[in-house]
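Remarks on the overall topology
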Amino acid sequence: MLGATSVIAKSAEDSKPKNVVPGSIGEPMVISTWDFGVRANTKAIEVLKAGGTALDAVQQGVMVVESDPTVTSVGYGGLPNAAGVVQLDASIMNGNDLECGAVAGLSGFENPVSVARKVMDDTPHVLIVGSGARQFALSKGFKERDLLTERSRAAWQEWRLKQEKKERTEDHDTIGMVAIDRRGQMAAACTTSGLAWKIPGRVGDSPLVGHGLYCDSDVGGAAATGIGEEVIKVCGSYQVVEYMRQGVHPQEAVKKVLQRVLDRQPNQPERWVGFVALRKDGEVGYASTNAGFQVAVADLTSSRLIAAASLR
Ligand code: ASP
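Residues numbered from 1 in each chain as written. Predicted model: local features only at pLDDT ≥ 70, side-chain atom pairs only at ≥ 80, totals over all residues. Heavy atoms only, no water.

1. Digging into the nonpolar core
If you look at soluble globular proteins, the nonpolar side chains tend to sit buried side by side. Membership of the largest hydrophobic core comes to 81 residues, with the highest contact counts inside it found for I31, I92, V240, F275, L278, Y286 and V295. Of all the elements, helix α2 (residues 54-66) adds the most residues to this core, at six residues. (Core = buried A, V, L, I, M, F, W, Y, C linked by side-chain atoms within 4.5 Å. Buried < 20%, exposed > 50% of the residue type's maximum accessible area, 1.4 Å probe, protein only. Helix = DSSP H or I, 4+ residues; strand = E, 2+ residues; numbered from the N terminus.)

2. Quick notes on a nonpolar patch on the surface
The grouping of V126, L127 and V129 at the surface amounts to a nonpolar patch, some 220 Å² of accessible area in total. Among the secondary structure elements, V129 is positioned in strand β4 (residues 127-129). (Patch = residues over 30% accessible without salt bridge, like charges linked within 9 Å, V, L, I, M, F, W, Y side chains within 5 Å. Areas by Shrake-Rupley, 256 points an atom, 1.4 Å probe, with all protein chains shown as cover. Salt bridge = Lys/Arg side-chain N within 4 Å of Asp/Glu carboxyl O.)

3. Re unusual backbone geometry
For W34, which is not a glycine, the phi torsion comes out positive at approximately 70°. Looking at the element boundaries, W34 is found in the loop between β1 (29-33) and α1 (37-49). A relative accessible area of 9% places W34 in the buried class. Non-glycine residue C235 carries a positive phi angle of around 45°. Within the fold, C235 resides in the loop between α6 (228-233) and α7 (236-245).

4. Examining the packing of α2 against helix α3 (residues 112-122)
Relative orientation of the contacting elements α2 and α3 amounts to 150°, with a least axis distance of 8 Å. The orientation of α2 with respect to α3, classified from their angle, is roughly antiparallel. Along the contact surface, α2 presents L55, D56, Q59, V62, M63 and E66, while α3 presents P112, V113, S114, R117 and M120. (Axes fitted to C-alpha atoms, helices over the stretch in contact; angles between N-to-C directions. Parallel < 35°, antiparallel > 145°, perpendicular 65-115°, else oblique. Contact = heavy atoms within 4.5 Å.)

5. A short note on the site of the ligand
Near the ligand you find 13 residues, and of these H172, T174, D205, T225 and G226 are the closest. One of the side-chain nitrogen or oxygen atoms of T174 is found 2.5 Å away from an oxygen atom of the ligand. One of the backbone N or O atoms of G226 is found 2.6 Å from a nitrogen atom in the ligand. Burial of the ligand by the protein amounts to 100% of the accessible area it has alone, namely 270 Å². (Near = heavy atom within 4 Å. Polar contact = N/O pair within 3.5 Å; in protein donor to acceptor, adjacent residues only side chain to side chain.)

So, in structure tokens, the structure goes:
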């Protein structure tokens with residue numbers, strides 16, 4: 001019962017990373033997946049510039065992409081599942097205390113990352129799915145809306161026709177973001193409509209902490225995009241962070257995890273994966289199994305879109 005689980009409020013003050021000197025000033029920074037990450041980063045940097053926390057920055061940053069109807073792989077306007085229903089997955093993680101929240105298979109809400117934040121802030125749970133997530137969102141005052149746009153509905157109808165002709169199409173791309181604020185506190189968020197035309201109820205890596213994202217302010221954070229099933233098989237984002245914890249540079253950490261995917265699936269070129277990583281000192285890493293991945297990196301004075309290296 002929601003009422004019984006309602007309040008475990010946590011403040012940013014409660015959750016300082018152990019190795020950051022209180023009051024020390026660092027350089028706020030953010031890294032995101034894909035070209036739409038540039039717009040998300042702009043919002044996140046605005047929050048960080050104003051002295052906001054990394055947690056608020058990643059939430060508000062990815063919301064920009066969730067609410068953008070032209071992005072067909074995240075939030076409103078995301079491509080639906082095989083039944084024509086948009087089912088969203090999202091997660092958020094506070095690197096200071098490892099608190100996290102997530103929703104999966106959520107339909108009818110434009111900003112699933114904000115529902116995930118409520119799971120984190122207002123419940124003792126980490127992941128709420130399907131109709132339970134819908135009820136939870138409604139109980140928290142989120143407003144329902146039809147997530148299908150003219151464009152995504154037409155794309156689904158076209159896909160259905162192709163299905164009849166046995167042609168296969170695929171469309172996806174998640175926004176994953178990692179940020180560090182002035183206090184050296186880190187956070188990550190990840191949100192997606194998942195693989196287009198997925199089997200109803202399919203859940204990818206994005207709402208699974210350790211897979212679609214992971215963040216520990218003592219070390220750094222990582223987020224994933226690509227075929228979620230492949231990310232899950234290698235505990236992708238957690239493994240990137242754990243390599244960094246062992247002293248591996250973020251770029252090498254990303255490559256080592258991607259190599260693990262490739263080693264086990266050498267003849268499956270369609271099973272591609274990409275990661276972004278940010279270490280607590282501002283060093284970044286990004287790469288993908290296949291060509292075409294782009295990452296967005298921003299700090300207080302610059303914003304860049306970078307073509308990431310691929311391993312094959
Ligand atoms: N990782 C997402 C999923 O499998 C999709 C993507 O990022 O392209 O749901």
